[in-house]
Amino acid sequence: MVDYIYLHGFASGPQSFKGTWLRSRLQTHNIDLQLLDLNQGDFSHLTLTRQIHQVTQQLHGPTILIGSSLGGIVAAWVTQQSTCVERLILLAPAFQFLHQWLPKLGTEQLNNWKSNGWLSIYHYGLDTQQQLHYDFLTDAQRYPDSQLKKSIPTLILHGQRDEVIAEDASRLYAQHRPWVTLQSLDTDHGMADAMEDIWIAIQDFCAL
């Protein structure tokens, strides 16, 4: 029996649209998609390291990980370190995350974050502003995409109109990793209008 686990994105939660939508579809195949809460009740002290450790602790046998946005990066690093993951499905994964996100914050906001220790972030899952500690940034710098080298069947689904993480980030990631299949979709980062296409791709990839 293979476990299916879904990892939500940054400033999101286990009841995100993509996670709950896929859970309902997988239930038609008698598969219980586990929706983990990577916030752990403490978004303010979120780090990639904490998320990777949390997910790794949930692996008890053969597993298929589905990761969205930053959850896709967490899934990739868990796969790098674990022998349990058999397949990896990444939805608009946040490769080159810091490279693409930090410039949007701007120099002044970055400097204030570093000096004050906290950055105000709108949390979509909680529908409120939350404070995020600067440790999130320094910790994320320890996880360069270039170190993700484990050969495991990987499906990446990325929108051509992604306004948060450019599709080129996934294209670059897949370029020198022959075990990665990249499927380009006519959608944005939320992918709400492409869920049927995503479901078809997942069914094919997982032979459901």
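Report on the accompanying structure. (Residues numbered from 1 in each chain as written. Predicted model: local features only at pLDDT ≥ 70, side-chain atom pairs only at ≥ 80, totals over all residues. Heavy atoms only, no water.)

### Re the side chain of His-189
Argument step 1. Within the fold, His-189 resides in the loop between strand S8 (180-185) and helix H8 (195-205).
Argument step 2. Residue His-189 is classed as buried on the basis of its relative accessible area of 13%.
Argument step 3. At a separation of 3.0 Å, a polar atom in the side chain of His-189 contacts the side chain of Ser-69.
Argument step 4. Once residues within four sequence positions are removed from consideration, His-189 is found in contact with Lys-18, Ser-69, Ala-92, Asp-162, Glu-163, Val-164 and Ile-165. (Helix = DSSP H or I, 4+ residues; strand = E, 2+ residues; numbered from the N terminus. Buried < 20%, exposed > 50% of the residue type's maximum accessible area, 1.4 Å probe, protein only. Polar contact = N/O pair within 3.5 Å; in protein donor to acceptor, adjacent residues only side chain to side chain. Contact = heavy atoms within 4.5 Å.)

### Brief notes about the packing of helix H2 (residues 48-57) against helix H3 (residues 70-81)
Argument step 1. At a closest axis distance of 9 Å, the pairing of H2 and H3 adopts a crossing angle of 60°. Taken together, the axes of H2 and H3 lie oblique to each other. The two elements H2 and H3 cross, and the hand of that crossing is right-handed. Between H2, through Leu-48, Gln-51, Ile-52, Val-55 and Thr-56, and H3, the contact on the second element is made entirely by Leu-70, Ile-73, Val-74, Trp-77, Val-78 and Gln-81.
Argument step 2. Tallied by class, residues from the contact of H2 with H3 come to 8 nonpolar, 3 polar and no charged. (Axes fitted to C-alpha atoms, helices over the stretch in contact; angles between N-to-C directions. Parallel < 35°, antiparallel > 145°, perpendicular 65-115°, else oblique. Left-handed = near helix turned anticlockwise from the far one by under 90°. Nonpolar A, V, L, I, M, F, W, Y, C, P; charged D, E, K, R; others polar.)

### Concerning the pattern of salt bridges
Two side chains carrying opposite charge are able to pair once their charged atoms lie near each other.
Argument step 1. The tally for this structure, following the rule as stated, stands at 7 salt bridges.
Argument step 2. We note a salt bridge from Asp-32 to Arg-23, for which the minimum N-O separation is 2.7 Å.
Argument step 3. Here Arg-23 falls in the partly exposed class, since its relative accessible area comes to 28%.
Argument step 4. A salt bridge links Arg-161 to Asp-193, with the nearest nitrogen and oxygen atoms 3.4 Å apart. Of the two residues, Arg-161 sits in the loop between strand S7 (154-159) and helix H7 (167-175) while Asp-193 sits in the loop between S8 and H8, which places them 32 residues apart along the sequence. (Salt bridge = Lys/Arg side-chain N within 4 Å of Asp/Glu carboxyl O.)

### Here we look at the nonpolar core
Argument step 1. Among the nonpolar cores identified, the biggest contains 48 residues, and Phe-10, Trp-101, Trp-113 and Phe-136 are the most heavily contacted of them.
Argument step 2. Looking at this core, the elements that each hand over two or more residues are strand S1 (3-7), H2, H3, strand S4 (85-91), helix H4 (97-105), strand S5 (118-123), helix H6 (135-140) and H7.
Argument step 3. Per-element tally for this core: the top contributor is H3, with 7 residues.
Argument step 4. Not counting residues within four places of it along the chain, the set of residues in contact with Phe-10 comprises Phe-43, Leu-46, Leu-70, Trp-101, Ile-121, Leu-132 and Phe-136. (Core = buried A, V, L, I, M, F, W, Y, C linked by side-chain atoms within 4.5 Å.)

### Looking at the pairing of S8
Argument step 1. Sheet topology places S7 next to S8; 6 bridges connect them, and they run parallel. Looking at the pairing, Ile-156 lines up with Leu-182 of S8.
Argument step 2. Handedness of the S7-H7-S8 crossover: right-handed. (Pairing = 2+ DSSP bridges. Right-handed = clockwise from strand over helix to strand, strands pointing away.)

### Remarks on unusual backbone geometry
Argument step 1. A positive phi angle, near 55°, is found at Ala-11, a position not held by glycine.
Argument step 2. Looking at where Ala-11 falls in the secondary structure, it is placed in the loop between S1 and helix H1 (17-27).
Argument step 3. In this model, Met-191 sits at a positive phi of 65°, which is unusual for a non-glycine residue.
Argument step 4. Structurally, Met-191 is set in the loop between S8 and H8.

### Details of the side chain of Thr-63
Argument step 1. Within the secondary structure layout, Thr-63 lies in strand S3 (residues 63-68).
Argument step 2. The class for Thr-63 is buried, based on a relative accessible area of 0%.
Argument step 3. Engagement of the side chain of Thr-63 in a polar contact is seen with the backbone oxygen of Gly-61, the distance being 2.8 Å.
Argument step 4. Those residues in contact with Thr-63 that sit more than four places away from it in its chain are Val-2, Asp-3, Ile-5, Cys-84, Val-85, Glu-86 and Arg-87.

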